[in-house]
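Close look at the chain arrangement
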Amino acid sequence: MQERQRITARRSELDALAEQLTKQLQEVQVERDEVVIAERVLNRLAEQVQADAEAVAPAKAQVAGRAVLLIPHRSDATDEAALPGDYRQILAIVRAADGPGAGQGGGRGAGT
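When helices and strands are tallied, the protein chain shows two helices and two strands. In the protein chain, the succession of α and β elements from N to C terminus is α-β-β-α. Considering the protein chain as a whole, with its 112 residues, one finds that 1% of them fall into the buried category.

Below, the structure is given as structure tokens:
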């Protein structure tokens, strides 16, 4: 008779443990589902950020075998250092000019 009592007691312990594990498994599955949803939302946001960045990126073209911006990228910076190198070079040429001209020799200094 003692054997039956031990078996019954052990079965009762195992039933309680199984119930506890079932509840814990359900909680884990709910949390996992929430993480999957969060991952999807994060991926969609990342795709939107990437699409927005691509839409804002200035278009590039080839001129004389090198890549140039069709429309220079705009920023809030107001100093000359924010300009692309070609623009700074144009400013230097204009500053070095003796004064207003009729456009003669306008190509001098360009491409150097």
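What follows is about the pattern of salt bridges. Within the structure shown, the criterion is met by three salt bridges. Between Arg10 and Glu13 there is a salt bridge, with the nearest N and O atoms lying 3.1 Å from each other. With Arg10 and Glu13 both in helix α1 (residues 2-56) and three residues apart, the pair spans about one turn of that helix. A salt bridge links Arg66 to Asp86; the nearest nitrogen and oxygen atoms lie 2.7 Å apart. Highlighted residues: Arg66 in strand β2 (residues 66-69) and Asp86 in helix α2 (residues 85-96), separated in sequence by 20 residues. On the accessibility criterion, Arg66 (45% relative accessible area) is partly exposed.

Together, Leu14, Leu17 and Leu21 make up a nonpolar patch on the protein surface, roughly 250 Å² of accessible area in all. Tracing the backbone through its elements, the reader meets Leu17 in helix α1.

Glancing now at the pairing of strand β1 (residues 60-63). Where β1 and β2 come together, four bridges link them in antiparallel fashion. By the bridge assignment, Gln62 is partnered in β2 with Ala67. Two successive antiparallel strands, β1 and β2, enclose a turn made up of two residues, where Ala64 displays a positive phi of approximately 55°.

Rules used throughout
- Residues numbered from 1 in each chain as written.
- Predicted model: local features only at pLDDT ≥ 70, side-chain atom pairs only at ≥ 80, totals over all residues.
- Heavy atoms only, no water.
- Helix = DSSP H or I, 4+ residues; strand = E, 2+ residues; numbered from the N terminus.
- Buried < 20%, exposed > 50% of the residue type's maximum accessible area, 1.4 Å probe, protein only.
- Salt bridge = Lys/Arg side-chain N within 4 Å of Asp/Glu carboxyl O.
- Patch = residues over 30% accessible without salt bridge, like charges linked within 9 Å, V, L, I, M, F, W, Y side chains within 5 Å.
- Areas by Shrake-Rupley, 256 points an atom, 1.4 Å probe, with all protein chains shown as cover.
- Pairing = 2+ DSSP bridges.

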